[in-house]
Every structure is written in C-alpha cells, then in structure tokens.
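In case you want the letters, here they are:
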Amino acid sequence: MTEIVDQQAPPAPPGSRTYNEWARNDTLEDYSLRYAPKSFRRWSPYVVATTALGGIAYLADFAIGGSIAVSHGFTSAMVAILTAAVVIFLTGIPISYYSAKYSIDMDLLTRGAGFGYLGSTLTSVIYASFTFIFFALEGSIMAQALELGLHIPLALGYVICSLVVLPLVVYGMTALSRMQVWTQPVWLVLMVAPFVSIAIQEPEKFGKFTHFAGNSPTGSSLSMIGVGAGAGVALSLIAQIGEQVDYLRFMPDRTAANGRQWWAAVLSAGPGWVVLGALKQIGGAFLAFYIAGSVGLGMANEPIQQYVHGFGTFAAPVALGLATFFVILSQIKINSTNAYSGSLSWSNFFSRLTHRHPGRVVYIFLNVGIALALMEFGVFGFLNTVLGFYSNVAIAWIGAVVADLVVNKPLGLSPSYIEFKRAHLHHFNPVGFGSMLIASAVSIAAYFGAFGAYGKAFSPFVALVLAMVLSPLFAVVTKGRYYIARVDDLGESHMVAAPVVVADVAAGHVAAAHMGEPHMSDAPITLDCTVCDTAFERPDMAHCPFHRGTVCSLCCSLEKDCHDSCKSTQAAGPVELAAPTLRAME
C-alpha cells in the first residue's frame with residue numbers, strides 16, 4: 001500500500017525574498033501591509049490630526065447636502081443629516097482608538113475584529129470601492145469647475161483630475177502631511193467666506209431656508225421616509241473613518257506627557273471629522289436653496305455653482321476664478337487621500353489572493369483608473385442612487401467591527417487585543433464576517449423594496465442593528481474559537497511598541513513592562529526576518545516553523561508553499577521567538 005503525503009516545498013534560505021524598489025522604500029510604501037513601526041511614527045499628534053482632517057476637504061458633502069435638501073425639503077434633510085452624523089461619530093470612536101493604539105490601518109483592524117485573515121478581503125474591496133466612488137464624485141466636481149472656469153471639456157477634465165494627484169500620493173504620508181498642513185488655513189477661509197458674506201448682507205435668507213421644499217412632495221415639513229432616504233445617502237460616508245485611521249495609525253505612542261494631546265487628536269481627526277462633514281452638508285443644503293432660483297433645482301447641488309454665486313456676494317469680478325481655485329484646491333486635498341487609501345486597500349486585497357506585492361504605488365494607478373472610468377460614465381448624475389445602495393454594505397461592515405470592539409471585547413467574548421498577522425489568525429471568523437454578510441443581504445433586500453417603503457428608506461439602519469446584534473450572538477455560539485488560531489506567547493503588551501526592560505532584552509527575554517518604571521528603554525524591539533533578512537519591530541513579527549525562524553507579517557502573507565503549517569494541530573499553541581534587539585531611535 002502506498003502512502004500519499006502532502007509534500008511541502010522546502011523553506012527558502014535567509015534573504016531569499018527581495019522586494020522591488022517601490023516596495024522597499026518606506027517613504028513610498030508607508031507600511032501599507034504592516035503595523036506602522038514606532039521608528040517611523042515621528043510626527044506629533046497635531047501634525048497627524050491636521051493631515052487626517054485635511055483629507056476631509058472634499059466638496060461631495062456640499063453636493064450630498066444639496067441633493068438631500070432638494071429631494072426631501074428642509075426639515076427632513078436636517079434630521080437626516082444630523083441622525084447620520086450621530087451614528088457616524090459614535091461608531092468612529094472605538095475604531096479610531098484601536099487603530100491609533102495598535103498603529104494599524106482599517107484592514108488590519110478588521111482582520112482581528114471578527115473577520116479573520118481572508119474574511120477581511122471582502123471588506124478590503126468594500127473599502128476600496130468607497131475610495132474610488134468618492135474619487136470619481138470629487139473628480140467630477142473638479143471637472144465641472146474646470147469646464148465652467150477654464151472651458152476645458154468634461155472628458156478631458158476627468159483625465160486631468162485623475163493625473164494631478166499622482167505625484168503627491170506616490171510619496172504617501174511624507175508628502176501628504178506637508179501639503180495638508182500648508183493648505184488647510186487657506187481652504188478653511190475660502191469655505192466659510194460665502195456664509196459670512198450672506199449673513200452680513202442677506203441675513204433673512206437663513207430664515208427663508210427653513211421653508212425650502214425643493215422637489216419634496218411633502219414640502220418643507222417632516223417626512224419619515226425622507227429622513228430615512230436622506231440619512232441613507234449621508235451614511236454612505238461611514239466608511240470615511242477608514243481614511244481617517246489610515247493617518248491615525250501614524251500617531252505617536254500615548255504617554256503621560258502627551259495624553260491629552262493624543263486623545264484630542266484621535267477624537268478630532270477620527271470621529272470628529274463628521275462634525276465638519278455634517279456642517280458642510282447643511283451648508284450645501286443652504287447654498288442649494290440660495291442659488292436654486294438662479295440655476296434651477298437640477299444644478300443647485302453642484303458645488304462649483306454654489307461657490308460661484310457665494311463668492312459673487314462679495315467678490316463678483318473674480319468670483320468664477322476664486323470658485324474654480326477653491327474647488328481645485330479642495331479636490332486635490334481629498335482625492336490625494338482617496339487615492340492613497342485606495343492603494344492601501346488594494347495592496348491588502350491582492351497580497352492575500354496572489355501572494356505577491358509589487359508595492360503600494362502600483363495600486364494607486366489601479367484605483368485612479370477605476371475612478372476615471374466611473375467619471376467618464378457619469379457617476380455624478382446618479383449620486384443618490386449610488387451612495388444609497390453603497391451605504392447598506394458599508395454600514396454592515398462598520399457595525400460588525402464596532403460590535404466586536406465595544407461589546408465582544410469588554411465582555412470577554414473576543415481577545416482583548418487586535419491580532420492581524422496571518423500566522424495567528426483563522427482564515428474566516430463567522431463572528432464578524434457572517435454578521436456582515438447577513439446584515440448586508442437583508443438590508444439590500446430592504447433597499448430594493450422587500451419590506452415596503454419604510455424598509456427601503458431605513459435599510460442602512462437595518463444593516464447596522466443586525467450587524468451589532470449578530471456579532472455578539474455569533475461570538476457566544478462559537479465561544480470565540482475562530483479569533484486566534486495560534487497564541488502569541490508575548491501577549492498584549494507586545495502587540496504594541498511598549499517600553500521594555502533593558503536587562504531582560506540583554507538576557508534574551510522580553511517581559512511586559514509598565515510605563516514609568518526605572519531602567520526602561522523607549523527603543524522599539526526588533527527581530528530579523530528569516531525570509532527577507534530585514535529587521536522589523538516586534539508587533540510585526542511571528543514565529544514560522546516552516547522557515548524555522550521569525551518572519552515579518554508581509555513575508556508571512558506572501559508565502560504560498562507553507563500551507564499554513566504553523567496552524568496545524570502539532571504547531572498550534574504558544575510559540576517562542578528569537579532574542580530581540582533594541583533599535584536605536586534616530
């Protein structure tokens with residue numbers, strides 16, 4: 001009798017994997033598939049927060065607010081916008097905190113928050129879809145400005161809007177932080193100027209705005225269907241928290257000295273983005289009312305039209321040029337973020353499916369290319385439909401993640417820390433992944449009328465409630481067994497770049513240490529990757545029985561010959577790592 005054995009390929013020798021120049025360059029790559037190391041996170045909380053908030057300079061909020069007001073009237077629009085803002089703010093708090101604490105992006109957070117290593121590939125596509133949909137919407141707004149201000153045809157304007165952001169996005173956080181900090185004051189002044197001018201010259205317009213009916217069959221009065229439908233459009237922006245944490249992962253470690261600044265930055269640049277976002281939506285609704293008599297309801301939600309007339313109240317001779325400049329500045333600020341975040345998401349998606357990583361820069365072109373195609377197909381004309389449908393899927397994902405962070409973890413139904421490495425995760429975790437699939441399926445059915453008019457209008461809320469109820473339910477049923485496939489022996493204290501006792505490191509041991517104790521070092525712990533022969537900080541490393549040593553999370557993700565041998569019955573359980581070293585802080 002012949003015994004058939006699954007033959008694994010022999011492990012690669014040390015240093016056998018090399019990455020191309022784009023993937024090796026930290027400035028270009030921005031640790032797109034990894035924990036953001038302490039040695040790279042040199043920015044202050046203020047700079048990180050300013051960079052993150054600079055990314056919400058988008059004018060789609062004005063278009064969304066104007067569209068909701070035109071469709072549903074003043075009262076329904078205001079209730080819808082504020083309701084969506086409350087939901088987005090509350091769900092954004094735990095996501096921002098965990099991302100800043102563990103220095104990981106939205107995809108890595110999702111892996112450890114109930115979805116599993118491969119389960120989060122679907123959410124990577126959902127998030128990438130958010131970035132290219134809004135890139136297309138913002139690019140369309142900029143192209144409208146180029147057409148009106150510079151007489152550039154829309155089709156050519158779409159191409160220009162796509163190409164102009166590439167140089168900034170290629171250089172990631174290093175270039176984006178400088179651009180956002182420098183341009184933010186100018187953008188803020190230009191954004192509020194029309195409202196100040198109207199308040200001084202025509203204050204009665206704000207009172208008349210409360211009677212704006214738009215195209216609503218119920219006029220300016222409250223309609224619950226209008227509230228639900230409007231909130232559904234606004235809730236499509238719930239995935240914006242992913243773009244915020246793409247920056248918040250670069251926050252410095254929280255210490256006793258910077259604690260207040262750290263929390264202020266996390267809350268303002270994380271969930272706090274929606275405060276300004278909701279104000280912009282209300283501003284867009286007001287400007288749509290203000291210009292409706294001049295341009296008609298059909299064009300009242302176009303930001304270029306809103307700002308040409310807004311600037312015309314105090315700078316009529318240069319209103320068109322000023323509005324064109326403002327729109328272009330706004331769109332460069334936000335589409336740099338959309339393209340950047342999209343490149344991170346596609347990198348995570350394809351690295352797991354293809355076991356290859358050509359570098360984040362490659363996926364910038366993919367994301368921008370998809371967005372350009374959407375622009376050319378006229379996505380702006382279907383604004384409410386596209387965003388209303390998308391919000392059902394996005395909110396199911398966010399709801400499942402938040403439920404794990406605020407319910408499952410405090411109740412002990414899931415691990416207290418975030419584990420993101422392939423070596424320690426199951427492929428799929430039904431807690432988050434299953435909750436999202438069921439919640440999104442039911443809400444999409446509701447969106448297409450399966451549960452009547454009210455079910456359609458409030459379908460995103462169906463998704464949110466279902467996801468948040470099903471996640472802890474599935475955690476109880478599965479007893480949390482699908483969170484961790486193999487335990488990391490160092491525990492939570494070394495899932496983050498905590499200080500270490502120098503004596504213990506010298507002796508070849510790593511022990512958990514408390515902030516402020518004597519003989520501590522703030523230098524990050526590093527280990528050498530057996531495969532790429534590069535040193536990485538401890539949270540990014542795992543023991544690999546296949547390679548007989550430690551491997552970095554990226555080499556682990558790209559390995560296709562090991563067949564997850566580390567998670568077999570024989571290999572499962574606590575693991576031992578080689579003696580770490582301390583990396584000097586430059």
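In the block above lies the structure referred to throughout.
The following refers to the structure shown. (Residues numbered from 1 in each chain as written. Predicted model: local features only at pLDDT ≥ 70, side-chain atom pairs only at ≥ 80, totals over all residues. Heavy atoms only, no water.)

## Points about the pattern of salt bridges
What counts, and what does not: We define a salt bridge as a contact between a side-chain nitrogen of Lys or Arg and a carboxyl oxygen of Asp or Glu at a distance within 4 Å. Each helix is a run of DSSP H or I of at least 4 residues and each strand a run of E of at least 2, with the numbering of both proceeding from the N terminus. Only protein chains enter the area calculation, which uses a 1.4 Å probe; residues under 20% of their type maximum are buried, those over 50% are exposed, and those in between are partly exposed.
Evaluation of the coordinates by the stated rule reveals seven salt bridges. With a shortest N-O distance of 3.1 Å, Asp 564 and Arg 422 are connected by a salt bridge. Taken together, the residues Asp 564 in the loop between helix 24 (553-558) and strand 7 (581-582) and Arg 422 in the loop between helix 19 (383-408) and helix 20 (432-447) connect sequence positions 142 residues apart. Per residue, the accessibility class of Asp 564 equals that of Arg 422, and both read buried. Taken together, the shared-partner salt bridges in this structure form one network comprising Lys 38, Arg 41 and Asp 253.

## Things to note about the pairing of strand 6 (residues 549-552)
To be explicit about the condition: Pairing between strands requires that DSSP locate at least two bridges from one strand to the other.
As paired strands, strand 5 (residues 541-544) and strand 6 are joined by four bridges and run antiparallel to one another. The residue bridging Ala 542 from the neighbouring strand is Val 551, located in strand 6. The turn linking strand 5 back onto strand 6 is made up of four residues, and Arg 548 within it adopts a positive phi angle of 55 degrees.

## As for unusual backbone geometry
Positioned with a positive phi, Ser 103 is a non-glycine residue whose angle comes to about 60 degrees. By the element assignment, Ser 103 lies in the loop between helix 5 (74-102) and helix 6 (106-115). Ser 103 sits in the buried class, given a relative accessible area of 1%. The phi dihedral of Lys 479 is positive, around 55 degrees, even though this residue is not glycine.

## Concerning the packing of aromatic side chains
Stated formally: Any two of the Phe, Tyr and Trp rings considered here, Trp counted by its six-membered ring, make a pair once their centres fall within 6.5 Å; the pair's planes then place it as stacked at under 30 degrees, edge-to-face at over 60, or tilted in between. Whether a charge lies above a ring is judged from NZ of Lys or CZ of Arg, which has to be within 6 Å of the ring centre and within 35 degrees of the ring normal.
Overall, the coordinates contain 31 aromatic pairs when judged by the stated rule. Where Phe 209 meets Phe 289, the ring centres are 5.6 Å apart and the plane angle is 40 degrees; that geometry is what we call tilted. With Phe 209 in helix 11 (residues 204-209) and Phe 289 in helix 15 (residues 273-295), this pair connects stretches of sequence that are 80 residues apart. Centre to centre, the rings of Phe 286 and Phe 289 are 6.0 Å apart; their planes meet at 50 degrees, and the pair counts as tilted. Residue Phe 286 and its partner Phe 289 are located together in helix 15, separated by three residues, close to a single helical turn. Residue Phe 286 is classed as buried on the basis of its relative accessible area, which comes to 3%. Here Phe 289 falls in the buried class, since its relative accessible area comes to 15%. Among the aromatic residues, those joined into a ring-pair cluster are Phe 74, Phe 195, Phe 206, Phe 209, Phe 212, Phe 286, Phe 289 and Tyr 290. The side chain of Arg 254 reaches across the aromatic face of Trp 262, ending 5.3 Å from its centre. Its end group placed over the ring of Phe 420, Lys 421 keeps NZ or CZ at 5.0 Å from the ring centre.

## Some remarks on the side chain of Asn 429
The condition that has to hold: For this analysis, a polar contact is any N or O atom pair within 3.5 Å, provided that within protein one partner can donate a hydrogen and the other can accept it, and provided that sequence-adjacent residues contribute only side-chain to side-chain pairs.
Turning to its location among the elements, Asn 429 is positioned in the loop between helix 19 and helix 20. A polar contact of 3.0 Å, which involves the side chain of Asn 429, links it to the backbone nitrogen of Val 431.

## A closer look at the nonpolar core
Among soluble globular proteins, nonpolar side chains are generally buried collectively. Definition in use: In these notes, a set of buried Ala, Val, Leu, Ile, Met, Phe, Trp, Tyr and Cys residues joined through side-chain atoms within 4.5 Å is what counts as a nonpolar core.
Counting 139 residues, the largest nonpolar core has Ile 95, Phe 134, Tyr 307 and Trp 397 as its most contacted members. A per-element tally of this core places helix 7 (residues 120-150) first, with 15 residues.

## Brief notes about the environment of Arg 422
Keep this limit in mind: Only heavy atoms enter the contact rule, under which two residues are in contact if any of them lie within 4.5 Å.
In this structure Arg 422 comes out as buried when scored by relative accessible area, which is 7%. Sequence-distant contacts of Arg 422, that is, excluding residues within four places in its chain, are made with Tyr 117, His 355, Cys 556, Ser 557, Glu 559, Cys 562, Asp 564 and Lys 567.

Remember, this is a structural readout, not a statement about activity or role.
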